[in-house]
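One-letter residues, chain by chain:
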Amino acid sequence: MPEIKATMAFRRADGKNSTITVTDANASLTAAALNTVMDTILTKNVFAPEASDFTEKVSGKLISTTTQDFAMITV
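One structure accompanies this document, and this report is about it. (Residues numbered from 1 in each chain as written. Predicted model: local features only at pLDDT ≥ 70, side-chain atom pairs only at ≥ 80, totals over all residues. Heavy atoms only, no water.)

## Digging into the environment of Thr19
Topologically, Thr19 is positioned in strand β2 (residues 17–23). For Thr19, a relative accessible area of 52% translates into the label exposed. Expressed as a C-alpha distance, the spacing of Thr19 and Gly60, which sit 41 residues apart in the sequence, is 9.2 Å. Residues contacting Thr19, with those up to four places away along its chain left out, are Thr7, Met8 and Ala9. (Helix = DSSP H or I, 4+ residues; strand = E, 2+ residues; numbered from the N terminus. Buried < 20%, exposed > 50% of the residue type's maximum accessible area, 1.4 Å probe, protein only. Contact = heavy atoms within 4.5 Å.)

## Side note on the pairing of strand β1 (residues 3–12)
Summarising burial for β1: seven of the 10 residues are buried, a large majority. The pairing of β1 with strand β3 (residues 54–65) spans 10 bridges and is classified as antiparallel. Along β3, the bridge assignment pairs Ala9 with Ser59. Of the strand pairs in this sheet, β1 and β2 are connected by seven bridges, and their pairing is antiparallel. Bridged to Arg11 within β2 is Asn17. In sequence, β1 turns back onto β2 through a hairpin of four residues, with Gly15 there showing a positive phi of about 90°. (Pairing = 2+ DSSP bridges.)

Structure, rendered in structure tokens:
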């Protein structure tokens, strides 16, 4: 089963970028829904990494990773 993560990158007031990653994201997440979440984060202004507020959206991604584990055989 693939692991699904949503990442949201924001520009900060100090000019740097910060990323928020949500694990176990819903695979049916849409661009519109992610944009709405990011707008809410900007409006509520609850994150300020290194005392620097988020000022704008940079990017949003839905990442699916599939891992295949293999059994180890002793020779």
